[in-house]
Amino acid sequence: MRPIAVRRLADEVVTSDVIVVGSGIAGLTAALGLLPRRVTVLTKTTLGGGSSSQWAQGGVAAAMAAGDSPHLHSQDTISAGAGLGQQAVIDTLTHEGPERIRRLIELGARFDRDDDGGFLLGREGAHGRRRILHAGGDATGAVMVRALVTEVRRHPGINLQEQVVVHDLVTSGDRVVGVLARVGDRTVFHRAAAVVLATGGLGQLYARTTNPVEATGDGLAMAARAGAQLVDLEMIQFHPTALEIVQDPVVMQPLPLVTEALRGEGAILVDDQGQRFMLDVHPMAELGPRDVVARAILGRQQAGCRVFLDATQAVGARFPQRFPTVWEHCRNQGIDPRCQPIPVTPAAHYAMAGIAVDGVGRSSLAGLWACGEVSSTGVHGANRLASNSLLEALVFGARVAEDLGSATAPRSVPLSTSADDSEVVWREAGSTSGLELAAASHQIRRMMWDSVGLQRQRTGLETTLEALGHLGRNLPPQPSKARNLMTLGRLVTAAALAREESRGSHFRSDFPSSQKRFEHRFFWTYRPGTAASWRTADEFPLVATRPLVNTREIA
Ligand code: SIN
């Protein structure tokens, strides 16, 4: 990789002690914990807006009820993770979680309570008991984000930069020393002793997703280009029940989530013949593991049926009060869920895939930390337990901040961007047709949904990997969503090709069962460039590496 004269690219240099990229629950929690250091928060929309946290409906899981315990929560998390969950980080999550939630309550987050003042706890798939806190009915993420945003705005010491698009990490030797960001038509080099990526997920890699349009996996793509170690790349969770709406074929339009909490309240899945099919599929029926429920729905769809979630008996007239967000989405589509079943479809929902980090969020690169969905702590294994992600964002956002306690701004150092050669000419390149990029993104998202979605097999994966390579070579050189999606598509597809078994959310129809020899996580580094063919090991976009971060021992 050719070193790039960053100063030539940047119109301005801004120095901080720590840069946090992203403003969901993980990023905001980290930023608050970092005070009184000089912290800069960069976010591509407005603070808290456009994050998946903001959209989270179901809630946050924590052992807060009498009779529940962190140990029981750990057990459910481990078994959902299908052999890849890391016990030590999971125990950290479940033991530190309740205290983190109490701190958020002190900041003003109000979780729903019963008449006696106790938490109203919901149940979701694969949880052994009711332990899901919710707020505003099904507006849990929004309530949590609001409390954090209010607190962050109270601290003028935090430098908040909204509407800023971060394109790449900047490195000096093996150390990350900042980011290159675009603000309007200006390029800013933000430099700092530490960069915390809290950029969220990559749901927009798929034609069907519950994630906001901002969830384009930028953080994972830039960490990959910088050479950070990545892990569990094949593990993408598909939510069984997104609202089935007619999608604009080009616009990256999310499908509204129909929260699993509805099934927790007793709503049932039926096909268009009225048959309740989950009873024959799993002993926990609609509350079976997400991958099982999602694939059962897909199976019905492939057989030519539509699938509906029927909450008319279980929730009925209480719907507008108990599930105001889903109610609103249904009403926008002309559906009255009090008396009509809701049409649903699976959709990409959460990436267990991410930047490999240890128990305090350190990546394999000096100067780079990550928390929230862009990271992979090992908590979720091959299948995230519902409502564990907001908890993970709170717990590990705070842990990153504690670990970074003493970071101070770096002295002047030689710098380079991590962008590959084709990407660094973007500043000089002419304007790119938005339509062309939108068409490329659409093509990538369609391919990923069709061949690297809920059901995968060798031929489809191989064809997709080739096609992504060709497409990448023809993409314009400027940093763009399409380039990031192409990079991520190659990462996920290559890892899915390598895992010749089925486990958790990763299902290979040509290897339908789990294999003992694959009961471990795959750690990788990205081989940049977009070879149109990967037929030799030298052209495969991923290089297997032994784990450089250690999630077995918690610092
Ligand atoms: C849901 O409300 O169904 C989503 C909860 C989650 O993904 O954790």
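For every chain, the first residue of the written sequence is number 1, and numbering continues from 1 onward in sequence order. Where local features are concerned, this predicted model is filtered to residues with pLDDT of at least 70; where side-chain atom pairs are given and counted, the filter is 80 or more; whole-chain, interface and lining totals use all residues. Side-chain measures here rest on the full set of heavy atoms in the structure, leaving out hydrogens and waters.

J.: So what exactly am I meant to see when it comes to the side chain of Thr487 here?
T.: Along the chain, the position of Thr487 falls in helix α16 (residues 481–498). Relative accessibility thresholds used throughout: buried, under 20% of the residue-type maximum; exposed, over 50%; partly exposed, between the two (1.4 Å probe, protein chains only). Since its relative accessible area comes to 3%, Thr487 is described here as buried. Contacts were defined at the residue level, with two residues in contact if any of their heavy atoms lie within 4.5 Å. Every residue in contact with Thr487, bar those within four places of it in the chain, is listed here: Arg225 and Tyr526. A helix here means a DSSP run of H or I that spans at least four residues, while a strand means a run of E at least two residues long, and both kinds are numbered starting from the N terminus.

J.: Which parts of the structure should I look at to understand the packing of helix α7 (residues 218–226) against α16?
T.: The geometry of a pair of packed helices is captured by two quantities: the angle between their axes and the separation between those axes. Between α7 and α16, the least distance of the axes is 9 Å, while the angle of their chain directions is 75 degrees. With respect to their mutual orientation, α7 and α16 come out roughly perpendicular. On α16, the residues touching Asp218, Leu220, Ala221, Ala224 and Arg225 of α7 are Asn484, Thr487, Leu488 and Leu491. Gly counts as polar in this scheme, as do all residues outside two lists: the nonpolar Ala, Val, Leu, Ile, Met, Phe, Trp, Tyr, Cys and Pro, and the charged Asp, Glu, Lys and Arg. Per-class residue counts for the contact of α7 with α16 are 5 nonpolar, 2 polar and 2 charged. Comment: axis = line fitted to C-alpha atoms, over the contacting stretch for helices; angle = value between 0 and 180 degrees taken between N-to-C directions. In what follows, roughly perpendicular refers to angles from 65 to 115 degrees, roughly parallel to angles under 35, roughly antiparallel to angles over 145, and oblique to any angle outside these ranges.

J.: When you look at the packing of aromatic side chains in this model, what are you seeing that I'm missing?
T.: Each aromatic ring pair is specified by the distance between its two centres and by the angle formed by the two planes. Each aromatic pair joins two rings of Phe, Tyr and Trp (for Trp, the six-membered one) with centres within 6.5 Å, and gets the label stacked for planes under 30 degrees apart, edge-to-face for over 60, and tilted for any other angle. Inspection of every chain in the model, using the stated rule, returns 8 aromatic pairs. With centroids separated by 5.3 Å and ring planes inclined at 85 degrees, the aromatic side chains of Tyr206 and Phe238 adopt a geometry described as edge-to-face. Of this pair, Tyr206 sits in the loop between β11 (194–197) and α7 while Phe238 sits in strand β13 (residues 236–243), and the two are 32 residues apart along the sequence. Clustering of aromatic rings is evident, with ring pairs tying together Phe518, Phe522, Trp524, Trp534 and Phe540. Note on criteria: charge over ring means Lys NZ or Arg CZ within 6 Å of the ring centre, with the direction from the centre no more than 35 degrees off the ring normal. Above the ring of Tyr350, the side-chain terminus of Arg384 is found at 4.3 Å from the ring centroid. One Lys or Arg, Arg499, reaches over the ring of Phe522 and ends 4.2 Å from the middle of that ring.

J.: Is there a simple way to think about the pairing of strand β10 (residues 186–191) in this case?
T.: Here is the key point about a regular strand: its side chains alternate between the two faces of the sheet. With 5 of 6 residues buried, β10 is to be regarded as a mostly interior element. By definition, two strands form a pair when at least two bridges between them are found by DSSP. Looking at chain direction, strand β1 (residues 12–15) and β10 are connected through 4 bridges and run parallel. Residue pairing for β10: Glu12 is matched across the bridge by Val188. By the bridge criterion, 6 bridges tie strand β9 (residues 175–183) to β10 in an arrangement that is antiparallel. Of the residues in β10, the one forming a bridge with Ala181 is Val188. Counting the residues that bridge the hairpin from β9 to β10 gives 2 residues, and of these Gly184 lies at a positive phi of roughly 60 degrees.

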